[in-house]
Amino acid sequence: MLRTFASAILISATVLAAPAAFAQNAQPLVIGHRGAPGYFPDHTIEGYTKAIESGVDFIEPDLVSTKDGVLIARHEPMLGGTTDISERKEFADRKTTKKLDGFDVTDWFASDFTFAEIKTLKAKQPMADRDQSHNGKYAIPSLDEVIELAKKKSTETGRTIGIYPEVKHSIFHAAQGLAIEDKLVDRLKKEGWTEKTSPVIIQSFETANLKYLHTRTNVRLVQLVDAEDVDKDGNIVLVAPLEQPYDYVVAGDKRTFKDLVTPAGLAEIKTYADGVGPWKPYLMAGKQTDANNDGKPDDLNGDGAVDERDRVLIKDTGVVKAAHDLGLFVHTWTFRSEPKRLASDYKNDPVAEYRAFFDLGVDGVFSDYPDHAVKARGVAQR
Ligand SMILES: [Ca+2]
Ligand SMILES: [Ca+2]
Ligand SMILES: [Ca+2]
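Residues numbered from 1 in each chain as written. Chains lettered and ligands numbered in written order. Predicted model: local features only at pLDDT ≥ 70, side-chain atom pairs only at ≥ 80, totals over all residues. Heavy atoms only, no water.

In the annotation of an unreviewed UniProt entry, the entry for the protein chain reads glycerophosphodiester phosphodiesterase, and the organism field reads Terrihabitans soli. In its Catalytic activity (unreviewed entry) section, UniProt records this for the protein chain: "a sn-glycero-3-phosphodiester + H2O = an alcohol + sn-glycerol 3-phosphate + H(+)". The UniProt entry for the protein chain carries this comment under Sequence similarities (unreviewed entry): "Belongs to the glycerophosphoryl diester phosphodiesterase family." (UniProt positions renumbered as here; feature names shortened; annotations may be inferred.)

Given below as structure tokens:
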């Protein structure tokens, strides 16, 4: 009797508590992933501006540090893929090899350049199948410049444009004396951005730095969950360095990214974060088919190549509901509109993909084509 009563209280407490934690958004958030990289090179003021003009709620600066400790927006500490540095003779001798999350990486690293030097570089589009016509035109912005843009555009548009910074490779930066976390918290404090209601969400693939941030700020925190790939049946594939949060590797903790989205993993995330940011296949994956039994994936659209268009969606994994039951919101990534990056079910229509994930109950989407995400949100609302 007592036991039943206690269980009933527990159940209703869970049911009541869950929506309250993320009820602030009547509709899913749209996050301009690195700006609007379907149109402009990643992490440029021009790309963030395009995202804002498309109607996003947040722009996403990934943060790395310069040698003189300035936080700048780059997808990685390596500069080769997203800037013109390989064409800059004066910097040729700074190409080097460093250990990044346990693996040797040869490139130019932001942490070997002053901010003044970084400002002489120009961004380039890292994806070869996207518009290269903006290469060499736009500068690398600092976190300060991203914050200024968000504030200016919030005033201009009357909307709240938030920032969604990602702390990149926390352990790598700390080992060089260039830790990101305290600098970020202090910078946000200057704006008065210290609370859950502040227009800021901080994300990371590592866990220890988020636990630390939880003691230093009340702004919303998101645990990202990565993977290497999905196999032919739609199962998550984990390969180092995309197997575990790197702080787990350092600590000898054997748990993997997959363990973070189990009920136990999510419950632990809830102790220090407000939301979880899994890669899309953790929520709903696609599988290849072999209807003609030739041992090879079927070329569903008959174009002679096998890509996302030749996968069919498999059922909801239940991760969204499990997270919601704990009061965690779910923001997933990355939505890319190119037909070859859309599962067969979507019939080349990016709006259909957003709608499928909105129907799963996700609370936010990181999009490379934020205009399509905003459009899909309007369609889903009807
Ligand atoms: Ca990011
Ligand atoms: Ca086949
Ligand atoms: Ca095909």
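**Observations regarding the overall build of the protein chain**
A count of helical and extended segments in the protein chain gives 13 helices and 17 strands. Taking 382 residues into account, the globule formula puts the C-alpha radius of gyration at 21 Å, and the protein chain, at 21 Å, falls close to it. Structurally, the protein chain occupies a C-alpha span of about 75 × 55 × 50 Å along its principal axes. The buried share of the protein chain, taken over its 382 residues, is 51%. In the protein chain, once contacts between residues fewer than 6 apart in sequence are set aside, the share between residues at least 24 apart is 68%. (Helix = DSSP H or I, 4+ residues; strand = E, 2+ residues; numbered from the N terminus. Rg over C-alpha atoms; globule rule 2.2 N^0.38 Å. Buried < 20%, exposed > 50% of the residue type's maximum accessible area, 1.4 Å probe, protein only. Contact = heavy atoms within 4.5 Å.)

**A short note on the coordination of the calcium ion (ligand 3)**
Donor atoms from the polypeptide that bind the calcium ion (ligand 3) are Asp 299 (OD), Asn 301 (OD1), Asp 303 (OD), Ala 305 (O), Asp 310 (OD) and Asp 310 (OD), placed at 2.2 to 2.6 Å. Of note is the calcium ion (ligand 3), whose 6 donor atoms meet at the metal with angles of 52 to 158° in an arrangement that counts as irregular. Mapping the donors of the calcium ion (ligand 3) onto the primary sequence gives the spacing D-x1-N-x1-D-x1-A-x4-D. The exposure class assigned to Asn 301 is partly exposed, which follows from its relative accessible area of 36%. The exposure class of Ala 305 is partly exposed, given its relative accessible area of 34%. (Donors = N, O, S within 2.8 Å, 3.2 Å for Na, K, Ca; no water. Tetrahedral: all angles 85-135°; square planar, octahedral: opposite > 155°, others 65-115°.)

**Notes on the packing of helix α2 (residues 45-54) against helix α4 (residues 143-157)**
α4 packs onto α2 with a crossing angle of 30° between their chain directions and a minimal axis gap of 11 Å. The orientation of α2 with respect to α4, classified from their angle, is roughly parallel. As for how α2 packs across α4, the hand of that crossing is right-handed. For the pair α2 and α4, the contacting residues are Ile 45, Tyr 48, Thr 49, Ile 52 and Glu 53 in the first and Glu 145, Val 146, Leu 149 and Lys 153 in the second. Residue composition of the contact of α2 with α4, grouped by class: 5 nonpolar, 1 polar and 3 charged. (Axes fitted to C-alpha atoms, helices over the stretch in contact; angles between N-to-C directions. Parallel < 35°, antiparallel > 145°, perpendicular 65-115°, else oblique. Left-handed = near helix turned anticlockwise from the far one by under 90°. Nonpolar A, V, L, I, M, F, W, Y, C, P; charged D, E, K, R; others polar.)

**Let's talk about the side chain of Arg 377**
Examined against the element boundaries, Arg 377 turns out to sit in helix α13 (residues 370-381). A polar side-chain atom of Arg 377 sits 2.8 Å from a polar atom in the side chain of Asp 57. Contact partners of Arg 377, with chain neighbours within four places excluded, come to Gln 27, Pro 28, Leu 29, Val 30, Gly 55, Asp 57 and Phe 358. (Polar contact = N/O pair within 3.5 Å; in protein donor to acceptor, adjacent residues only side chain to side chain.)

**Examining the nonpolar core**
Ile 59, Ile 163, Ile 202 and Tyr 282 are the most contacted members of the largest nonpolar core, which has 77 residues in total. Here the element with the most residues in this core is helix α12 (residues 350-360); it accounts for 6 residues. Sequence-distant contacts of Tyr 282, that is, excluding residues within four places in its chain, are made with Val 225, Asp 226, Ala 227, Ile 236, Leu 238, Phe 257, Lys 258, Val 261, Thr 317 and Val 319. Within the second largest apolar cluster, 12 residues are counted, among which are Ile 72, Leu 79, Phe 113 and Ile 140. (Core = buried A, V, L, I, M, F, W, Y, C linked by side-chain atoms within 4.5 Å.)

**A few points about helix α10 (residues 263-270)**
Since the α-helix packs 3.6 residues into each turn, any two residues three or four apart lie on the same face. Among the residues of α10, those classed as buried are Gly 265, Leu 266 and Ile 269. Seen end-on, α10 carries its buried residues on one side only, within an arc spanning 95°. Exposed side chains of α10 directed beyond 90 degrees from the buried face belong to Pro 263 and Ala 264. Elements that come into contact with the buried residues of α10 comprise β10 (220-225), α9 (257-260), β13 (275-278) and α11 (319-325). (Arc of directions from axis to C-beta.)

**As for the coordination of the calcium ion (ligand 1)**
Taken together, the protein ligands of the calcium ion (ligand 1) are Glu 60 (OE), Asp 62 (OD), Asp 62 (OD) and Glu 166 (OE), with distances of 2.2 to 3.0 Å. Within one chain, the residues serving as donors to the calcium ion (ligand 1) are arranged as E-x1-D-x103-E. Separated by 104 residues along the polypeptide, Asp 62 in strand β3 (residues 62-65) and Glu 166 in strand β8 (residues 166-167) bring together distant segments of the chain. For the pair Asp 62 and Glu 166, a shared accessibility class is recorded, and that class is buried.

**Re the UniProt feature "domain: GP-PDE" (unreviewed entry) in the protein chain**
UniProt feature "domain: GP-PDE" (unreviewed entry): in the numbering of this structure it lies at residues 28-377. Taken as a whole, residues 28-377 contains 28% helix and 18% strand, while its terminal C-alpha atoms sit 7 Å from one another.

**Digging into unusual backbone geometry**
For the bond from Ala 240 to Pro 241, the omega torsion is 5°, close enough to zero to count as cis. Along the chain, Pro 241 turns up in the loop between β12 (236-237) and α8 (246-251). Omega for the peptide link from Trp 333 to Thr 334 comes to -15°, which places this bond in the cis form. Position of Thr 334 relative to the elements: it lies in strand β16 (residues 329-335). Here His 43, not a glycine, exhibits a phi torsion of approximately 50°, which is positive.

**Let's talk about the environment of Ala 51**
Note on placement: Ala 51 falls in helix α2. Along the chain, Ala 51 and Glu 195 lie 144 residues apart, while their C-alpha atoms are 24 Å from each other. Not counting residues up to four positions away in its chain, the partners in contact with Ala 51 are Gly 32, Gly 35, Ala 36, Val 56, Ile 59 and Pro 370.

**Let's talk about the environment of Val 319**
Structurally, the position occupied by Val 319 is in helix α11. Separated by 218 residues in the primary sequence, Val 319 and Asp 101 have C-alpha atoms spaced 27 Å apart.

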